[in-house]
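# Inside the fold
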Amino acid sequence: MFDRTRLWLENRRLARLPVTREQWEDAVADWAPARRYQGERRERLFQQTLRFLLRKEFRGGGDFQVTPAMELKIATMAVVMIMGLDLDWYDGWYTVIVYEDAFVTPGDEMDEFGIVHSEGRVLAGEAWDRGPVLLSWQDVQAASSEPGFNVVLHEMAHKLDMRSGSANGAPPLHHGMDARVWHNTFTRAWSALEQAEREGEPFLDPYALQDPGEFFAVITESFFETPEPLEQILPEVYGQLAQFYRQDPLHTR
Ligand SMILES: [Zn+2]
C-alpha cells in the first residue's frame, strides 16, 4: 500500500511535473474512450495519469526516442482501466519499454543464417511477470483503428491478471464477487467464441482462444474500446467486467 510519506513526496513531485492540462488533452485527443471521462472524472483521469508517470519509467527500445506526448497517451490508456480501482493495482513493476514498431521479444535466438526464432510471432506488446511492459508505438497508435484493438489495454490486463499469480484469466476478484460465477461466465463465452469462429464470424479477435489469460486481455480491450457490441453479445461477461473494473463504459459521463 501507498504510505503517507510516499504520498506526500509524490504530491510534491506532482506539483513540479512540467505537464500542462493542454499538453495532456492534445496527447489523448484522438483516443475516443478518453472522451467518456468528463468534468471531475476527467480531472481525476489527468491527475492519475501524472501519478502513473511519476511511478513508472519509460524507455525507448533500441534507439527509439519516446516523447512526453507518447508517455501521456500510453499512461492515460493504462489509467482508464484502473479509474474504478486504484493506481496501486500497478504496483510491483516499474518500466514501460516502447519500441518504434512491432518487435521480436528479447531472448529469442538468431541462428547461423541470421534468422530469429521466436515462436513465429512478432509482437505488438508483451507483459513480463513482475517485470516491464513492452509496447510497439505503431500498435499503440493503431488503437481503435480495428474494432476493439488496443495493445496497451491488452498488456495492462495481463498485469492486473498477474496480481493473483499467473496471467490465467482469473484476476483477484473483489469482495462480493463469486469466482465460480466468473469462471462459468467466461467458460460459456469461450465456447460461444469457438462456435462463432467455426462458423467464420468471430465476434472477438480469435487470438483470445490461445488461453484464458489471452481471453481476459482481448475481452478487456473490447470492454473499453467497443462496449456496445460486447454488452449485446455477451451481457454476462460485460456484467462481470463492470464489477471487476468498477466501471460501466456504456453508462458513464
Ligand atoms: Zn496477451
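What counts, and at which threshold
Residues numbered from 1 in each chain as written. Predicted model: local features only at pLDDT ≥ 70, side-chain atom pairs only at ≥ 80, totals over all residues. Heavy atoms only, no water. Pairing = 2+ DSSP bridges. Helix = DSSP H or I, 4+ residues; strand = E, 2+ residues; numbered from the N terminus. Axes fitted to C-alpha atoms, helices over the stretch in contact; angles between N-to-C directions. Contact = heavy atoms within 4.5 Å. Donors = N, O, S within 2.8 Å, 3.2 Å for Na, K, Ca; no water. Tetrahedral: all angles 85-135°; square planar, octahedral: opposite > 155°, others 65-115°. Phe/Tyr/Trp six-rings, centres within 6.5 Å; stacked < 30°, edge-to-face > 60°. Buried < 20%, exposed > 50% of the residue type's maximum accessible area, 1.4 Å probe, protein only. Polar contact = N/O pair within 3.5 Å; in protein donor to acceptor, adjacent residues only side chain to side chain.

## What about the sheet that holds strand β2 (residues 95–99)?
Ordered in space as β1-β2-β6-β5, the four strands form an open sheet in which the pairing is mixed. Of all strands in the sheet, those with a lone pairing partner are β1 (57–60) and β5 (125–127), marking the two edges. Between one strand axis and the next, the sheet turns through 20 degrees on average, direction left out of account. As judged from the three bridges shared by β5 and strand β6 (residues 133–136), these two strands associate in the antiparallel manner. Bridged to Gly125 within β6 is Leu135. Sheet strands touched by helix α6 (residues 151–161): β5 and β6. Its angle to β6, the strand with the most contacts, is close to 170 degrees.

## Regarding the coordination of the zinc ion
Protein coordination at the zinc ion comes from His154 (NE2), His158 (NE2), Glu214 (OE) and Glu214 (OE), with a distance range of 2.1 to 2.6 Å. Around the zinc ion, the four donor atoms are arranged such that angles at the metal cover 54 to 142 degrees; this shape is classified as irregular. Expressed as a motif, the donor residue spacing for the zinc ion is H-x3-H-x55-E. Residue His154 is found in helix α6, and its partner Glu214 is found in helix α8 (residues 212–225); the two are separated by 60 residues along the sequence.

## Describing the packing of aromatic side chains
For the coordinates displayed, the defined rule picks out 19 aromatic pairs. With centroids separated by 5.3 Å and ring planes inclined at 45 degrees, the aromatic side chains of Trp24 and Phe46 adopt a geometry described as tilted. Here Trp24 is found in helix α2 (residues 21–28), whereas its partner Phe46 is found in helix α3 (residues 40–55), with 22 residues between them in sequence. For the pair formed by Trp24 and Phe46, the shared burial category is buried.

## Comments concerning α6
Buried residues dominate α6, accounting for eleven of its eleven residues. Of the positions making up α6, those classed as buried are Val151, Val152, Leu153, His154, Glu155, Met156, Ala157, His158, Lys159, Leu160 and Asp161. Where α6 starts, the residue carrying a side-chain oxygen 2.9 Å from the main-chain nitrogen of Val152 turns out to be Asn150.

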